[in-house]
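Structural features, examined
Listed below, chain by chain, are the residues.
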Amino acid sequence: MVESGWVRIGLRAATGVILGFLYLPLVVVLIHAFNESPFNEWPPTGFTLRWFGEAMANSAIPPAFVNSVLAALGATAVALVLGTLAAMAVQRFSFFGRDSISFLLVLPIALPGVVTGIALSATYQTVGIPFGLLTIIIGHATFCVVIAYNNVIARLRRLPRSPEEASADLGADTWITFRRITMPGMRTALLSGGLLAFALSFDEVIVTLFTAGAGTQTIPLYVLGVMQRPTQLPVINVLAIVLVLFSVVPVYIAQRISGAEAAGARV
Amino acid sequence: MTTDATARPAPAPSRGRRVATWLHARPRLQLRLLLAAPLFWMVVVYIGSLAILLLNAFWTTDAFTGKVNPFDWSLSAFERIATNEVYRTIALRTVGIAALVTLTDAILAFPIAYYMARVATPRVRAALVVAILMPLWASYLVKIFAWRSIFQGNGLLSWLLAPFGLDAPGTDEIANSWIVFSYLWLPYMILPVYAGLERVPSSLLEASSDLGARAGTTFRRVVLPLVFPALVAGSIFTFSLTLGDYIVPDLVSDAKFIGNVIYDNSTLGNVPVAAAYSLVPIVIMVIYLLVARRLGAFESL
């Protein structure tokens, strides 16, 4: 080790401070969910569970929640199919333009979100596709493909080809080999890629605002609407806990399934 | 082989099996079948909508309904952007804040990434990776909402500043968006820099110090050049995400960013102006990505 004692103490202290910075806002929201003050006042004026009851009684939340789940499931399904197909093509064949595939897939994330949003919105209007759940799913799937692709291709690189060859030598055709050998090998990568895509879609708002139209609410759109007309702030604190759990729990599971590189797929 | 199997006549190959055999002899067709759906989606749906966006920038809108008149060619959207000072100010402001956020995140990311890569034990390191991934994925809106409640007049910051006789910044200051953007995208910088630092061989640092370089010199002459591509890789996210965001400026400040102009124009029925103005972040990001590729950042993604 080259780092001197003082440098190491300094690094440890800086790490602590930065972790504190990363978690401070999340802790604040958690506390406000139990804060008696309806205006998010600090210090909290008292402890209450009232906002949880109000969130339960709120009739706008369940349909928005259903839409969010449906959009995330649809986008995840499309992303998994397209990402797996692209990963198998890139990993198993060499062809002209192979290096451009991953660039093409990462483009919807690398270009600013507002660009993807306005491009899809302008296209729906020009072509005449009515806004709704389907248009949300198309938008979300577009930027979720790269997550599924990254997870599957990382797994395919590590999987040995010999079991597939053995399967073929023993007389199994392509479909049986895929179902019994390739698929079980990819299963956890698909699961973690799917969980990450779900989490990303469930939380998305920048592209969704452009692709939802007036009639379709998702949980993030509902939260944003309330934040702009602050009449029900405490209910948002409760919803915030739900939103954080819906993004953090899938990611935590994905992380446990396939290790650090999986959840880093967003990066 | 059992006698049983040889006694029976071989069953006629199933249809699936015949297709499999036929495909097996045609690897190019297999490749085309694999690529057809993903390429259709990315090229026709995604690149296609970027192309339609570009077309929209050259069309006009109906003065009464605000609807786009397709194929009614005009340069009026570009004229409006070129002649109105506000569009230039907003573009410069957005790029400036994006650069500032990128610099802030690079400075904040370095110590924690360095600690993870070179000081922490493997167990602590694994725990820290999870500890950084969780806030990265925790809901984007929730984090903005939290900062709003921290900045507001009777919030946490006002309580902390009161003993010093200072006021809370409120929710109008442009500095708020600098803080919130830096907060939101920090994990995107930490993770690639950590990965980059982990790849720096210890022997190089030891050689540098054996040859008499002090810690500062080793850092500047050995560590920084080796980690630079990783820093650029992280900066793609911090820069691009700031460039394309319109929620943060709307919720924690009253200063408009590029994203706000695009969103407002598209919802207020001026899609051609929104489309023309969206060329600004597209061009900036394409140049940024090309430069980043030259600097070797793509290998660090």
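Residues numbered from 1 in each chain as written. Chains lettered and ligands numbered in written order. Predicted model: local features only at pLDDT ≥ 70, side-chain atom pairs only at ≥ 80, totals over all residues.

Turning next to the overall build of chain A. When helices and strands are tallied, chain A shows twelve helices and zero strands. In chain A, the order of α-helices and β-strands from amino to carboxyl end is α-α-α-α-α-α-α-α-α-α-α-α. The principal-axis extents of the C-alpha atoms in chain A amount to approximately 70 × 65 × 30 Å. The buried share of chain A, taken over its 267 residues, is 47%. If you take every contact in chain A between residues at least 6 apart in sequence, the share linking residues at least 24 apart comes to 78%. (Helix = DSSP H or I, 4+ residues; strand = E, 2+ residues; numbered from the N terminus. Buried ≥ 20, exposed ≤ 12 C-beta atoms within 10 Å, placed from the backbone. Contact = placed C-beta atoms within 7 Å.)

Helix and strand counts for chain B come out as 14 helices and two strands. On C-alpha atoms alone, chain B measures out to a radius of gyration of 27 Å, which is more than a quarter above the 19 Å that the 2.2 N^0.38 rule sets for 301 residues. For chain B, the C-alpha atoms occupy an extent of roughly 95 × 75 × 40 Å along the three principal directions. Put simply, 68% of the contacts in chain B that link residues at least 6 apart link residues at least 24 apart. (Rg over C-alpha atoms; globule rule 2.2 N^0.38 Å.)

Now for helix H10 (residues 219-228) of chain A. Of all the positions in H10(A), only A:Ile219, A:Pro220, A:Leu221, A:Tyr222, A:Val223 and A:Leu224 are classed as buried. As for H10(A), its buried residues are in contact with helix H3 (61-92), helix H8 (174-203), helix H9 (206-211) and helix H11 (233-258) of chain A together with helix H7 (140-151) of chain B.

Let us look at the confidence of the model for chain B. Residues and elements named next belong to chain B. Residue-level pLDDT values for chain B average 87, and 96% of them are 70 or greater. Mean pLDDT across the secondary structure elements of chain B bottoms out at helix H1 (residues 3-7), with 51, and peaks at helix H5 (residues 85-119), with 95. The ipTM assigned to the predicted complex is 0.87, against a pTM of 0.88. (pLDDT = per-residue confidence, 0-100.)

Another aspect to go through is unusual backbone geometry. All names here are of chain A. Of note, the amide linkage connecting Trp42 to Pro43 takes the cis form, showing an omega dihedral of -5 degrees. Counting through the fold element by element, Pro43 comes out in the loop between helix H1 (5-32) and helix H2 (50-57). In this model, Asn40 sits at a positive phi of 55 degrees, which is unusual for a non-glycine residue. Looking at the secondary structure, you find Asn40 in the loop between H1 and H2.

Turning to the environment of A:Leu73, a few remarks are in order. Residue and element names in this part refer to chain A. With respect to the helices and strands, the residue Leu73 is situated in helix H3. A count of 16 C-beta atoms within 10 Å places Leu73 in the partly exposed class. Sequence separation between Leu73 and Gly194 is 121 residues; the distance between their C-alpha atoms is 9.0 Å.

Right, let's talk about the packing of helix H4 (residues 98-110) of chain A against helix H6 (residues 133-158) of chain A for a bit. Angle between the axes and distance between the axes: these two values describe a pair of packed helices. Residues and elements named next belong to chain A. It is at 8 Å that the axes of H4 and H6 come closest, and there the two elements cross at 125 degrees. In terms of their interaxial angle, H4 and H6 are classed as oblique. In this structure, the crossing between H4 and H6 has a hand that is left-handed. On H6, the residues that touch Leu105, Val106, Pro108 and Ile109 of H4 are Thr142, Phe143, Val145, Val146 and Tyr149. By residue class, the composition of the contact of H4 with H6 is eight nonpolar, one polar and no charged. (Axes fitted to C-alpha atoms, helices over the stretch in contact; angles between N-to-C directions. Parallel < 35°, antiparallel > 145°, perpendicular 65-115°, else oblique. Left-handed = near helix turned anticlockwise from the far one by under 90°. Nonpolar A, V, L, I, M, F, W, Y, C, P; charged D, E, K, R; others polar.)

Attention now goes to the packing of H1(A) against H5(B). Contact geometry of H1(A) with H5(B) gives a least axis separation of 9 Å together with a crossing angle of 120 degrees. Here H1(A) lies oblique to H5(B), going by the angle between them. Relative to H5(B), the crossing made by H1(A) is left-handed. Contacts from A:Arg8, A:Leu11, A:Arg12, A:Ala14, A:Thr15 and A:Ile18 in H1(A) reach B:Leu108, B:Pro111, B:Ile112, B:Tyr114, B:Tyr115 and B:Val119 in H5(B).

Each partner contributes to the interface: chain A provides 75 residues, whereas chain B provides 82 residues. The dominant element in the side of chain A that touches chain B, judged by the number of residues it contributes, is H1(A), at 16 residues. Split into classes, the residues belonging to the side of chain A that touches chain B amount to 55 nonpolar, 14 polar and six charged.

Note on placement: A:Phe103 falls in helix H4. Taking C-alpha positions, A:Phe103 is 9.4 Å from A:Val146, a pair spaced 43 residues apart along the chain.

Next up on the list: the nonpolar core. Counting residues in each nonpolar core, the largest one holds 165 residues, and the members touching the most others are A:Ala79, A:Ile118, A:Cys144, B:Ile144, B:Ile190 and B:Val193. Each residue touching A:Ile118, except ones within four places of it in the same chain, is listed here: A:Phe210, B:Leu53, B:Ile262, B:Ser266, B:Ala274, B:Ala275 and B:Ser278. (Core = buried A, V, L, I, M, F, W, Y, C linked by C-beta atoms within 7 Å.)

Here we take up the environment of A:Ser102. Looking at the secondary structure, you find A:Ser102 in helix H4. The spacing of A:Ser102 and A:Arg187 is 85 residues in sequence and 21 Å in space, taken between C-alpha atoms.

A word on the confidence of the model for chain A. Scored by pLDDT, chain A has a mean of 86; 95% of the residues are at 70 or more. Within chain A, no element has a lower average pLDDT than helix H12 (residues 260-263) of chain A, which sits at 49, and none a higher one than H3(A), at 94.

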